Amino acid sequence: MTLACKTRASRILTLASYFGLLLLFTLWYMVLHPAQAEHPWVIWLVHVLPLAAFLPVVITGYPRGHAWLCFVLLLYFMEAVLATLVPATRWFGLLDAALLVTLFSSAMMFARWKSRLNRSLNNAEMG
(Lines give C-alpha, C1' and ligand atoms only; values in the text may rest on other atoms or scores of the structure.)
Protein backbone atom coordinates (compact mmCIF):
# COMPACT_ATOMS: atom_id res chain seq x y z
CA MET A 1 0.00 0.00 0.00
CA THR A 2 1.43 3.37 -0.98
CA LEU A 3 1.88 6.27 1.38
CA ALA A 4 -0.84 8.22 -0.45
CA CYS A 5 -3.31 5.34 0.00
CA LYS A 6 -2.47 5.04 3.71
CA THR A 7 -2.94 8.78 4.13
CA ARG A 8 -6.29 8.71 2.33
CA ALA A 9 -7.55 5.72 4.35
CA SER A 10 -6.54 7.25 7.67
CA ARG A 11 -8.17 10.54 6.68
CA ILE A 12 -11.47 8.83 5.88
CA LEU A 13 -11.36 6.90 9.15
CA THR A 14 -10.53 10.09 11.05
CA LEU A 15 -13.45 11.97 9.53
CA ALA A 16 -15.88 9.11 10.15
CA SER A 17 -14.89 8.60 13.78
CA TYR A 18 -14.71 12.34 14.50
CA PHE A 19 -18.23 13.01 13.25
CA GLY A 20 -19.43 9.74 14.81
CA LEU A 21 -18.15 10.95 18.18
CA LEU A 22 -19.91 14.30 17.80
CA LEU A 23 -23.11 12.47 16.85
CA LEU A 24 -22.78 10.10 19.81
CA PHE A 25 -22.37 12.99 22.25
CA THR A 26 -25.36 14.80 20.73
CA LEU A 27 -27.61 11.75 20.88
CA TRP A 28 -26.51 10.72 24.36
CA TYR A 29 -26.55 14.07 26.12
CA MET A 30 -29.54 15.59 24.33
CA VAL A 31 -31.83 12.65 23.48
CA LEU A 32 -31.06 9.30 25.09
CA HIS A 33 -29.79 10.28 28.54
CA PRO A 34 -30.08 14.05 29.10
CA ALA A 35 -28.83 15.42 32.40
CA GLN A 36 -31.41 15.86 35.13
CA ALA A 37 -30.44 19.54 35.38
CA GLU A 38 -32.55 22.37 34.05
CA HIS A 39 -30.20 22.93 31.10
CA PRO A 40 -28.88 19.62 29.70
CA TRP A 41 -27.36 21.45 26.75
CA VAL A 42 -24.64 22.83 29.05
CA ILE A 43 -23.30 19.30 29.64
CA TRP A 44 -23.53 18.69 25.91
CA LEU A 45 -21.56 21.87 25.18
CA VAL A 46 -18.84 20.90 27.65
CA HIS A 47 -18.35 17.68 25.69
CA VAL A 48 -18.77 19.01 22.17
CA LEU A 49 -16.98 22.39 22.21
CA PRO A 50 -13.43 21.09 22.74
CA LEU A 51 -13.92 18.67 19.86
CA ALA A 52 -15.64 21.28 17.71
CA ALA A 53 -12.60 23.53 18.14
CA PHE A 54 -10.72 21.00 16.00
CA LEU A 55 -13.30 21.05 13.18
CA PRO A 56 -11.23 23.34 10.90
CA VAL A 57 -8.17 21.14 11.48
CA VAL A 58 -10.05 17.94 10.69
CA ILE A 59 -11.73 19.43 7.62
CA THR A 60 -8.53 20.90 6.14
CA GLY A 61 -6.34 17.92 7.03
CA TYR A 62 -3.61 19.84 8.88
CA PRO A 63 -1.22 17.17 10.25
CA ARG A 64 0.01 19.08 13.31
CA GLY A 65 -3.56 19.83 14.34
CA HIS A 66 -4.36 16.12 14.20
CA ALA A 67 -1.50 15.49 16.61
CA TRP A 68 -2.93 18.07 19.02
CA LEU A 69 -6.35 16.47 18.68
CA CYS A 70 -4.82 13.22 19.94
CA PHE A 71 -3.72 14.96 23.15
CA VAL A 72 -7.25 16.24 23.79
CA LEU A 73 -8.74 12.82 23.07
CA LEU A 74 -6.87 11.35 26.04
CA LEU A 75 -9.12 13.34 28.39
CA TYR A 76 -12.21 12.00 26.65
CA PHE A 77 -10.81 8.47 26.88
CA MET A 78 -10.52 8.74 30.66
CA GLU A 79 -14.19 9.69 30.83
CA ALA A 80 -15.15 6.82 28.53
CA VAL A 81 -13.33 4.29 30.70
CA LEU A 82 -15.11 5.63 33.79
CA ALA A 83 -18.45 5.42 31.97
CA THR A 84 -17.86 1.74 31.22
CA LEU A 85 -17.53 1.05 34.94
CA VAL A 86 -21.03 2.38 35.70
CA PRO A 87 -23.77 -0.13 34.77
CA ALA A 88 -26.18 2.59 33.58
CA THR A 89 -23.66 4.01 31.08
CA ARG A 90 -21.70 0.87 30.19
CA TRP A 91 -22.77 0.69 26.53
CA PHE A 92 -22.27 4.39 26.02
CA GLY A 93 -18.78 4.09 27.53
CA LEU A 94 -17.86 1.13 25.34
CA LEU A 95 -19.07 2.82 22.16
CA ASP A 96 -17.41 6.07 23.21
CA ALA A 97 -14.11 4.29 23.93
CA ALA A 98 -14.24 2.43 20.60
CA LEU A 99 -14.79 5.67 18.67
CA LEU A 100 -12.07 7.42 20.65
CA VAL A 101 -9.52 4.66 20.06
CA THR A 102 -10.36 4.68 16.36
CA LEU A 103 -10.14 8.46 16.15
CA PHE A 104 -6.91 8.59 18.14
CA SER A 105 -5.21 5.91 16.04
CA SER A 106 -6.37 7.20 12.69
CA ALA A 107 -5.58 10.85 13.51
CA MET A 108 -2.14 9.91 14.79
CA MET A 109 -1.36 7.84 11.71
CA PHE A 110 -2.78 10.53 9.42
CA ALA A 111 -0.50 13.13 11.01
CA ARG A 112 2.50 10.85 10.54
CA TRP A 113 1.75 9.74 7.01
CA LYS A 114 0.61 13.15 5.78
CA SER A 115 3.81 14.74 7.09
CA ARG A 116 5.89 12.09 5.34
CA LEU A 117 3.89 12.52 2.13
CA ASN A 118 4.29 16.30 2.22
CA ARG A 119 8.02 15.94 2.88
CA SER A 120 8.48 13.49 -0.02
CA LEU A 121 6.50 15.74 -2.36
CA ASN A 122 8.62 18.76 -1.35
CA ASN A 123 11.82 16.76 -1.87
CA ALA A 124 10.62 15.65 -5.31
CA GLU A 125 9.89 19.26 -6.30
CA MET A 126 13.28 20.48 -5.11
CA GLY A 127 15.32 17.59 -6.51
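It should be noted that the structure appears before, not after, this text.
Conventions and cut-offs
Residues numbered from 1 in each chain as written. Predicted model: local features only at pLDDT ≥ 70, side-chain atom pairs only at ≥ 80, totals over all residues. Heavy atoms only, no water. Phe/Tyr/Trp six-rings, centres within 6.5 Å; stacked < 30°, edge-to-face > 60°. Helix = DSSP H or I, 4+ residues; strand = E, 2+ residues; numbered from the N terminus. Buried < 20%, exposed > 50% of the residue type's maximum accessible area, 1.4 Å probe, protein only. Axes fitted to C-alpha atoms, helices over the stretch in contact; angles between N-to-C directions. Parallel < 35°, antiparallel > 145°, perpendicular 65-115°, else oblique. Left-handed = near helix turned anticlockwise from the far one by under 90°. Patch = residues over 30% accessible without salt bridge, like charges linked within 9 Å, V, L, I, M, F, W, Y side chains within 5 Å. Areas by Shrake-Rupley, 256 points an atom, 1.4 Å probe, with all protein chains shown as cover. Salt bridge = Lys/Arg side-chain N within 4 Å of Asp/Glu carboxyl O.

(A) Structural context of the packing of aromatic side chains. What the rule picks out here adds up to seven aromatic pairs. When the ring of Trp28 is compared with that of Phe92, the centres are 4.6 Å apart and the planes differ by 15°; the resulting orientation is stacked. Pair noted here: Trp28 is in helix α1 (residues 3–32) and Phe92 is in helix α5 (residues 90–126), with a separation of 64 residues, a long-range link. Comparing Trp28 with Phe92 shows no difference in burial state: the two are buried.

(B) Just the packing of α1 against α5, in detail. Two elements in contact, α1 and α5, have axes separated by 8 Å at closest approach and are oriented at 150°. For the element pair α1 / α5, the angle class is roughly antiparallel. Crossing angle aside, the handedness with which α1 passes α5 is left-handed.

(C) The arrangement of a nonpolar patch on the surface in detail. A cluster of nonpolar side chains, namely Leu23, Leu27, Met30, Val31, Leu32, Trp41, Val42 and Val46, defines an oily patch on the protein surface of about 750 Å² accessible area. Of all the secondary structure elements, the ones that give two or more residues to the nonpolar patch are α1 and α2 (40–52). With five residues, α1 is the largest single contributor of residues to the nonpolar patch. Mapped onto the elements of the fold, Val42 is located in helix α2. On the basis of relative accessible area, Val42 is assigned to the partly exposed category, the value being 36%.

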